[in-house]
Amino acid sequence: MIVFDLLCGGGHRFEGWFGSAEDFASQRDRNLLSCPVCSSAKVSKVPSATRANLGASEPKPAVPPAKTPEMEGKDPFAIAQMLYSRMLDELLTKSEDVGKEFPSEARKIFYKETPARAIRGQATNEEHQDLVDEGIPVARLPVPPADKLN
């Protein structure tokens, strides 16, 4: 089941649940979709929040990071850099780099053709948008190239 955020020609925003991205396109093309507010049949998908699934089973409540001795006396920007570095280390050590095969591997995982696992890699803007349109949860993250990490 895929949930899309939709917008009608009258500017009303609502959500629709579909069996797949193809199911949405088929219903739209056959004029089976309409706005629940004004009944406009001019309906299109709009961007929605993305979600990165790194395999965690239960989300843990957010806990602000405790002040550590290394944070004492540092400005907020230096602390942010340190926290970003830690987050990047976690991402790089707990995910598999599939390189340019990212779109293909993300689809295989989403459609359960291969075991679920945390992956990272590269995708063009078009490939990324295609994954989002299919309802595959992906996120772009600012990760420097491997040769710049050391």
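Above this text you will find the structure in question.
Throughout what follows, the structure given in this document is the object of discussion. (Residues numbered from 1 in each chain as written. Predicted model: local features only at pLDDT ≥ 70, side-chain atom pairs only at ≥ 80, totals over all residues. Heavy atoms only, no water.)

A separate point is the packing of aromatic side chains. In this structure the tally under the stated criterion is four aromatic pairs. Both rings, one in phenylalanine 4 and one in phenylalanine 18, keep their centres 6.0 Å apart while their planes meet at 35 degrees; by these two values the pair is tilted. Of this pair, phenylalanine 4 sits in strand 1 (residues 2-8) while phenylalanine 18 sits in strand 2 (residues 13-18), and the two are 14 residues apart along the sequence. Comparing phenylalanine 4 with phenylalanine 18, the two get one shared label, buried. Between the aromatic rings of phenylalanine 18 and phenylalanine 24, the centroid separation amounts to 5.1 Å while the plane-to-plane angle is 80 degrees, which identifies the pairing as edge-to-face. Taken as a pair, phenylalanine 18 and phenylalanine 24 share a single burial class, namely buried. Each residue in the set Phe4, Phe18 and Phe24 is aromatic and connected to the rest through ring pairs, giving one cluster. (Phe/Tyr/Trp six-rings, centres within 6.5 Å; stacked < 30°, edge-to-face > 60°. Helix = DSSP H or I, 4+ residues; strand = E, 2+ residues; numbered from the N terminus. Buried < 20%, exposed > 50% of the residue type's maximum accessible area, 1.4 Å probe, protein only.)

The subject of this paragraph is the sheet that holds strand 2. A sheet is described by the order of its strands in space; here three strands give the open sequence 2-1-3, paired in antiparallel fashion. Whereas interior strands pair on both sides, the edge strands pair on one side only; in this sheet they are strand 2 and strand 3 (43-46). Here the strands of the sheet are splayed against their neighbours by 45 degrees on average, with no regard to which way each runs. Strands in contact with helix 1 (residues 21-29) are strand 1, strand 2 and strand 3; relative to strand 1, the strand with the most contacts, it is inclined by about 30 degrees. (Pairing = 2+ DSSP bridges. Axes fitted to C-alpha atoms, helices over the stretch in contact; angles between N-to-C directions. Contact = heavy atoms within 4.5 Å.)

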